[in-house]
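# Report on the structure
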Amino acid sequence: AQTVTQSQPEMSVQEAETVTLSCTYDTSENNYYLFWYKQPPSRQMILVIRQEAYKQQNATENRFSVNFQKAAKSFSLKISDSQLGDTAMYFCASAIRSNTGKLIFGQGTTLQVKP
Amino acid sequence: GAGVSQSPSNKVTEKGKDVELRCDPISGHTALYWYRQSLGQGLEFLIYFQGNSAPDKSGLPSDRFSAERTGGSVSTLTIQRTQQEDSAVYLCASSSAGVGANVLTFGAGSRLTVL
């Protein structure tokens, strides 16, 4: 069975600063994917970034990057140059490679970017 | 359509009534997923449809929950004899077929409140 844990219910950061959201997971699978999703007040989940477990290189998407530590089963999200529009709830999720839409989500971290 | 469409956006019902929630996926997407998000919680997988294959119902919490997908497109999630603990946001997502990093596109969800 897979589990995903986010230990930070709430975080805040000043605009233009950098913030890191933590995520740990557990899985017995060898082939899996990890994701970070953003959920703004509109409720619509938006994919921020994804990582394939067999790739050692950390994924990067513009201001968003991950620190993937496979041995430690850790998958943190770093947001650089935080913007007001980054204010949202962030969810870490995992999925096995054969069905990457069947996601196991963490409890979420509410991020507030302050002006 | 351009995105995943869900209706109704909000539904208030009385305990014991039946409700139907509708999802219209992106045209051409063969995979369709339903998730449930209880207040302040992460998303919980409910059911998955892929083409003409038998659906994966492993996440349905009880036999009061059912879903169907007609013609490989529109899906309806039905909750019979609603209970207060069914109150949640029900999110639908769709993706293209194939093994690999299929990215889910989520709808904005249907918020169900059971009084």
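Notes on the structure follow. (Residues numbered from 1 in each chain as written. Chains lettered and ligands numbered in written order. Predicted model: local features only at pLDDT ≥ 70, side-chain atom pairs only at ≥ 80, totals over all residues. Heavy atoms only, no water.)

Here the focus is the overall build of chain B. Each helix and strand in chain B was counted, giving zero helices and ten strands. Ordered by position from N to C terminus, the α and β elements of chain B give β-β-β-β-β-β-β-β-β-β. Relative to the globule expectation of 13 Å for 115 residues, the C-alpha radius of gyration of chain B, 13 Å, shows essentially globular dimensions. If you line up chain B on its principal axes, its C-alpha atoms span 40 × 25 × 25 Å. Considering chain B as a whole, with its 115 residues, one finds that 47% of them fall into the buried category. Contacts spanning at least 24 positions in sequence make up 55% of the contacts within chain B whose residues lie at least 6 apart. When the accessible surface of chain B is summed, it comes to about 5300 Å², and 45% of that surface belongs to carbon and sulfur atoms. Taking the 10 positively charged and 10 negatively charged side chains of chain B as two groups, their mean positions are separated by 3 Å. (Helix = DSSP H or I, 4+ residues; strand = E, 2+ residues; numbered from the N terminus. Rg over C-alpha atoms; globule rule 2.2 N^0.38 Å. Buried < 20%, exposed > 50% of the residue type's maximum accessible area, 1.4 Å probe, protein only. Contact = heavy atoms within 4.5 Å. Areas by Shrake-Rupley, 256 points an atom, 1.4 Å probe, with all protein chains shown as cover. Lys, Arg positive; Asp, Glu negative; His and termini not counted. Charge placed at Lys NZ, Arg CZ, Asp CG, Glu CD.)

The interface of chain B with chain A comprises 27 residues on the first partner and 21 residues on the second. Summed over both partners, the interface of chain B with chain A comes to about 1900 Å²; 49% of that surface belongs to carbon and sulfur atoms. If you look at where chain B meets chain A, you find one salt bridge. For Asp56 of chain B, the salt bridge identified is with Lys102 of chain A, shortest N-O distance 2.7 Å. Applying the counting criterion to the chain B and chain A interface returns nine residue pairs in polar contact (both at pLDDT 80 or more). Elements supplying a minimum of two residues to the side of chain B that touches chain A: β4 (31–37), β5 (43–50), β8 (88–95) and β10 (110–114) of chain B. Residues of the side of chain B that touches chain A, tallied by class, amount to 13 nonpolar, twelve polar and two charged. (Buried area = accessible area lost by both parts, 1.4 Å probe. Salt bridge = Lys/Arg side-chain N within 4 Å of Asp/Glu carboxyl O. Polar contact = N/O pair within 3.5 Å; in protein donor to acceptor, adjacent residues only side chain to side chain. Nonpolar A, V, L, I, M, F, W, Y, C, P; charged D, E, K, R; others polar.)

The subject of this paragraph is the sheet that holds strand β7 (residues 75–79) of chain B. Residue and element names in this part refer to chain B. Reading across from one edge, β1-β3-β7-β6 is the order of the four strands in this open sheet, with antiparallel pairing throughout. Of all the strands in the sheet, the pair left with one neighbour each is β1 (5–7) and β6 (65–69). Within the sheet, the average angular offset between the axes of one strand and its neighbour, ignoring direction, is 15 degrees. Looking at chain direction, β1 and strand β3 (residues 19–24) are connected through three bridges and run antiparallel. Bridge assignment links Gln6 to a residue of β3, and that residue is Cys23. (Pairing = 2+ DSSP bridges. Axes fitted to C-alpha atoms, helices over the stretch in contact; angles between N-to-C directions.)

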